[in-house]
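# Residue-level structural notes
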Amino acid sequence: MKSLFETYNEYFPIGAAVNTRTIKTHADILKKHFNSITAENEMKPLPTHPLKDKYTFEAGNLIADFARQNNMQLRGHTLVWHNNSPDWFFEGKTKESAISKLQSHIKTVMDNFNYAYCWDVTNEVISDDKESGFLRQTPWLSALGEDYVEIAYRIARNVNKDVKLFYNDYNETNPMKRDRIYDLIKSVNKDKKLIDGFGLQGHWSIYQPDEDEICEAIEKYASLDIELQITELDVSLFRFEDRTKLDFPPQDLLNLQAEKYDNIFKIFRKYKKYITGVTLWGVADDESWLSYFPVKDRKNWPLLFDDNHKEKLAFEKVVEF
Ligand code: XIL
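Please read these numbers as outputs of a predicted model, since none were measured by experiment.

The next point concerns helix α6 (residues 95–112). Helix length check: α6 (18 residues) gives 26 Å between terminal C-alpha atoms against 26 Å at 1.5 Å per residue, within 8%. Taken as a whole, α6 has its buried residues at Ala98, Lys101, Leu102, His105, Ile106, Val109 and Met110. What you see down the axis of α6 is that its buried residues fit within an arc of 145 degrees, all on one side. Tucked into the core, α6 has its buried residues touching α4 (45–48), β3 (73–81), β4 (118–123), α7 (139–144), α8 (148–159) and β5 (164–169).

Turning our eyes to something else, we now look at the environment of Phe5. By secondary structure assignment, the location of Phe5 is in helix α1 (residues 4–7). Taking the C-alpha atoms as reference, Phe5 lies 9.0 Å from Ser36; in sequence the two are 31 residues apart. Each residue touching Phe5, except ones within four places of it in the same chain, is listed here: Ile14, Lys31, Lys32, His33, Phe34 and Asn35.

The next subject is the pairing of β3. Both faces of the sheet carry side chains from a regular strand, because those side chains alternate between them. Most of β3 sits out of view: eight of its nine residues are buried. Where strand β2 (residues 36–39) and β3 come together, three bridges link them in parallel fashion. The residue bridging Ile37 from the neighbouring strand is Leu74, located in β3. With five bridges connecting them, β3 and β4 associate as parallel partners. Bridging across to β4, Trp81 finds its partner in Asn123.

With that out of the way, let us pick up the site of the ligand. Glu40, Lys44, His77, Asn123 and Glu232 are the nearest of the 13 residues found near the ligand. Note that an oxygen atom of the ligand is positioned 2.7 Å from one of the side-chain N or O atoms of His77. Between the ligand and the protein, one listed contact pairs an oxygen atom with a side-chain N or O atom of Glu232 at 2.7 Å. About the coverage of the ligand: the protein hides 83% of its 410 Å² of free accessible area. Taken atom by atom, the bulk of the ligand overlaps the largest pocket. Residue composition of the shell around the ligand, by class: four nonpolar, five polar and four charged.

For the rest of this paragraph, the subject is empty space enclosed by the protein. The gaps left among the atoms become clear once a water-sized probe is rolled over them. Across all of its chains, the model carries one cavity of 30 Å³ or more by this definition. If you add up the space inside the largest cavity, you get close to 40 Å³. Lining of the largest cavity is provided by Val80, Trp81, His82, Asn123, Glu124, Val125, Thr138, Trp140 and Tyr148.

Low pLDDT marks regions whose predicted coordinates should not be analysed in detail. This prediction gives the protein chain a mean pLDDT of 97; 100% of its residues lie at or above 70. At the low end of the mean pLDDT range in the protein chain sits α7, at 92; at the high end sits strand β1 (residues 14–18), at 99.

This part is about the environment of Arg180. With respect to the element layout, Arg180 can be found in helix α9 (residues 175–188). Along the backbone, Arg180 and Ser127 are 53 residues apart, and their C-alpha atoms lie at a distance of 8.8 Å. When near neighbours in sequence (up to four residues on either side) are disregarded, Arg180 contacts Ile126, Ser127, Asp129, Lys130, Gly133 and Phe134.

Before going further, it helps to examine the pattern of salt bridges. Opposite charge on two side chains allows them to pair when their charged atoms are near. Evaluated as defined, the whole model comprises 21 salt bridges. With its nearest N and O atoms 2.8 Å apart, the salt bridge here joins Arg21 to Glu287. Of this pair, Arg21 sits in the loop between β1 and α2 (22–25) while Glu287 sits in the loop between β9 (275–280) and α12 (313–319), and the two are 266 residues apart along the sequence. A salt bridge links Glu227 to Lys164, with the shortest nitrogen-to-oxygen separation between them at 2.7 Å. Of this pair, Glu227 sits in strand β8 (residues 227–236) while Lys164 sits in strand β5, placing them 63 residues apart in sequence. Of the residues examined, Glu227 reaches a relative accessible area of 18% and is grouped as buried. On the accessibility criterion, Lys164 (33% relative accessible area) is partly exposed. Linked through salt bridges whose partners overlap, the residues forming this network are Asp128, Arg136, Asp169 and Lys177.

Here the focus is the packing of α9 against helix α10 (residues 211–222). One can describe the packing of α9 onto α10 by two numbers: an axis separation of 10 Å at closest approach and a directional angle of 10 degrees. Comparing their axes, α10 and α9 come out roughly parallel. Considering the relative orientation of α9 and α10, their crossing is right-handed. The segment α9 lies against α10, with Pro175, Arg178, Asp179, Ile181 and Tyr182 engaging Glu213, Glu216, Ala217, Lys220 and Tyr221.

About the cut-offs
- Residue numbers here run from 1 along each chain, matching the order of that chain's written sequence.
- Local features in this predicted model are restricted to residues of pLDDT 70 or higher, and side-chain atom pairs are both shown and tallied only at a pLDDT of 80 or more, whereas totals for entire chains, interfaces and linings draw on every residue.
- Note: side-chain values were computed over all heavy atoms of the structure, leaving out hydrogens and water.
- A run of DSSP states H or I qualifies as a helix once it reaches four residues; a run of E qualifies as a strand once it reaches two. Both are numbered from the N-terminal end.
- By this rule, a helix spans an expected 1.5 Å times one less than how many residues it contains.
- Relative accessibility under 20% of the residue-type maximum defines a buried residue, over 50% an exposed one, and the middle range a partly exposed one, all with a 1.4 Å probe and only protein chains included.
- Directions drawn from the helix axis to the C-beta atoms are what define this arc.
- We call two residues in contact whenever any of their non-hydrogen atoms come within 4.5 Å of each other.
- By this definition, two strands are paired if DSSP reports at least two bridges between them.
- Here a residue counts as near a molecule or strand whenever at least one of its heavy atoms sits within 4 Å of it.
- Pairing of N or O atoms within 3.5 Å defines a polar contact, subject to two protein rules: one partner must be a possible hydrogen donor and the other a possible acceptor, and residues neighboring in sequence count only if both atoms are side-chain atoms.
- Every accessible area reported is derived by Shrake-Rupley at a probe size of 1.4 Å, with residue values counting cover from the shown protein chains alone.
- Think of a 1 Å grid over the protein atoms and nothing else: a 1.4 Å probe that fits but is trapped marks a cavity, an open set flanked by protein within 12 Å on at least five of seven lines marks a pocket, and residues with an atom within 4 Å of a point count as lining.
- In this scheme, a molecule is assigned to a cavity or pocket if more than half of its atoms are within 2 Å of the grid points.
- Residues are grouped as follows: Ala, Val, Leu, Ile, Met, Phe, Trp, Tyr, Cys and Pro are nonpolar; Asp, Glu, Lys and Arg are charged; every other residue, Gly included, is polar.
- Grid points are joined across faces, edges and corners, and a volume is the space filled by probe spheres set on the points.
- Summary of the metric used: pLDDT quantifies the predictor's per-residue confidence within the range 0 to 100.
- Salt bridge criterion: a side-chain nitrogen from Lys or Arg within 4 Å of a carboxyl oxygen from Asp or Glu.
- For helices, the fitted axis covers only the stretch in contact; all axes are lines through C-alpha atoms, and the angles between them, taken along N-to-C directions, range from 0 to 180 degrees.
- For classification purposes, angles smaller than 35 degrees are called roughly parallel, those larger than 145 roughly antiparallel, those between 65 and 115 roughly perpendicular, and all remaining angles oblique.
- In a left-handed crossing the near helix is turned counterclockwise from the far helix by less than a right angle, and in a right-handed crossing that turn is clockwise.

What follows is the structure, given as structure tokens:
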């Protein structure tokens, strides 16, 4: 059986999101098929920095060590996010106190995980609908002010000049959101390139987005003269709000999924000059966040390896070209 990452050696590294369990339970697949990893939760603000004067790096360090020991790249994820952030961060009275907390957070976390070659400095800061304004309304925005995104990249750049700094977001092929993300990156980069790359999360499904939309998005982002990575790819068998619950994945849906993966990877190969990494959000179908989000207890099968860690039809399509 072919190795996924070896098959893509001349294209881009192939990554997976892992946690402290899956680096053990899924170690065989990881070592054979992946040459990059991202911590699913362990490097986020709350897990790393639960109290103002307390950092907890044990879980994240296990993941970083796994990457180092197996010669895998490590993507840092993520320093500023509206979810999974501790409340103490926003309790100060002034913008200055919020910035100084952000400064120590970013510096301490980046210094600790100095094996990471890139960081998703900010994650999902653009809102999804016109009514809510351009930037998502979050405690980070209220505490730090309209220019907080740029501030975060300046801090990260000063901490480490060699680490690639990414912006990361979802619904990234939706034309309205795509244009907003484009505008944000363009404005942060106006005087100096602070954002080196954009991470298209790629939480897609067998129904959407269509291939033209993906291509248009890639071309638009590439025109910013930055790197592109697919950072959280999975292909759901369901529409977002569909509440159908199944015990086994129907073969016709798995066939559609294989076709979708086939088409998506064709596009990634076509745009290899812009794409510097493709990461799947999980390793195998037995552990995927889509089996509890957005519909609780709706088992999903969105990845390339099945519940028993066997290669799926989608896997075969991705390695045969
Ligand atoms: C998800 C994790 O997979 C879940 O375990 C956790 O409960 C919530 O976060 N966009 C991101 C990721 O940038 O960090 C999210 O990961 C999925 C959506």
